[in-house]
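Spelled out from the first residue to the last, the chains are:
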Amino acid sequence: MNGPAWLIPLACLSLLLAAAGCSMLSMGDVTYGNGNLSVAVAGTGTPENIGVQVRIFAIDEFGQHELLTTGTTVPVAGKGNVIDIPVSLEPGRYKLYVYLIRNGERETAVIRDITVESR
């Protein structure tokens, strides 16, 4: 392409990438307290139902082993969503694999290490 004609496809690609970033779910802190895992989720701004799946592994001196997989479906909108998932964890160290699912497909995933202190 000659001259400024190459700017048109570049501008279209830039707009497409910017719009794709706006439509993604994102995850913030994952914490445990009062018998709940709390997952901070930033939605797209449009109200929608999403799935939250958590795989919990206990960590000990011999490695890690899966304790359970749990999840829920919740409505989210905007940036200030905190999703509570009831789970009973004993004091110890855990590795959490947290997935956000939209339209039947995993969209976002994080791995978090947490320590549950004795009360």
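In this text, all values refer to a predicted model and were calculated from it rather than measured experimentally. Counting restarts for each chain, with residues numbered from 1 along the sequence as it is written. Residue-level local features of this predicted model are given only where pLDDT is at least 70; pairs of side-chain atoms are given and counted only at 80 or more, and the full residue set underlies all totals for whole chains, interfaces and linings. Remark: hydrogens and water are excluded; side-chain values derive from all non-hydrogen atoms of the structure.

Some remarks on the sheet that holds strand E7 (residues 105–116)
Filter applied, for reference: Two strands are counted as paired when DSSP detects at least two bridges linking them. By the criteria applied, helices consist of DSSP H or I runs no shorter than four residues and strands consist of E runs no shorter than two, each listed in order from the N terminus. Inter-axis angles, ranging from 0 to 180 degrees, are taken between N-to-C directions of lines fitted to C-alpha atoms, where helices are fitted over the stretch in contact.
Spatially, E4-E3-E6-E7 is the arrangement adopted by the four strands of the open sheet, whose pairing is antiparallel. Of all the strands in the sheet, the pair left with one neighbour each is strand E4 (63–76) and E7. Here the strands of the sheet are splayed against their neighbours by 20° on average, with no regard to which way each runs. As judged from the eleven bridges shared by strand E6 (residues 92–102) and E7, these two strands associate in the antiparallel manner.

Overview of the nonpolar core
Rules: The criterion is simple. A nonpolar core is a set of buried Ala, Val, Leu, Ile, Met, Phe, Trp, Tyr and Cys residues joined through side-chain atoms within 4.5 Å. Type-normalised accessible area, obtained with a 1.4 Å probe on protein chains alone, sets the label of each residue: buried when under 20%, exposed when over 50%, and partly exposed for intermediate values. Contacts between residues were defined by any pair of non-hydrogen atoms, one from each residue, lying within 4.5 Å.
Judged by nonpolar contacts, the single largest core of 24 residues is most densely connected at Ile-50, Val-52, Leu-96 and Val-98. Contributing elements (two or more residues each) for this core: strand E1 (26–33), strand E2 (36–42), strand E3 (48–60), E4, strand E5 (81–86), E6 and E7. Those residues in contact with Leu-96 that sit more than four places away from it in its chain are Val-30, Leu-37, Val-54, Arg-55, Ile-56, Val-110, Ile-111, Arg-112 and Ile-114.

Observations regarding the packing of aromatic side chains
In plain terms, the rule: Working definition: a ring pair exists when centres of Phe, Tyr or Trp rings (six-membered ring for Trp) sit within 6.5 Å. Plane angles under 30 degrees give stacked, over 60 give edge-to-face, the rest tilted. To sit over a ring, a charge needs its Lys NZ or Arg CZ within 6 Å of the ring centre and within 35 degrees of the ring normal.
Counted by the stated rule, this structure contains one aromatic pair. Seen in terms of ring centroids, Phe-57 and Tyr-97 are 5.2 Å apart; in terms of plane orientation they differ by 70°. Their pairing is edge-to-face. Placement of Phe-57 in strand E3 and of Tyr-97 in strand E6 is noted, with a sequence separation of 40 residues between them. Given a relative accessible area of 10%, Phe-57 falls into the buried group. Sitting over the face of the ring of Tyr-99, Arg-106 holds its NZ or CZ atom 3.7 Å from the ring centroid.

Quick notes on the pattern of salt bridges
Selection criterion: In the sections that follow, a salt bridge refers to a side-chain nitrogen of Lys or Arg positioned within 4 Å of a carboxyl oxygen of Asp or Glu.
In total, this model carries four salt bridges according to the counting rule given. Where Arg-55 meets Glu-66, a salt bridge forms, and the shortest distance between an N and an O atom there is 3.1 Å. Pair noted here: Arg-55 is in strand E3 and Glu-66 is in strand E4, with a separation of eleven residues, a long-range link. Judged by relative accessible area, which is 27%, Arg-55 ranks as partly exposed. Here Lys-95 ties to Asp-113 by a salt bridge, and the two come within 2.9 Å at their closest N and O atoms. Pair noted here: Lys-95 is in strand E6 and Asp-113 is in strand E7, with a separation of 18 residues, a long-range link. Looking at Lys-95, the relative accessible area reads 18%, which means it is buried. Overall, Asp-113 belongs to the exposed group, its relative accessible area being 54%.

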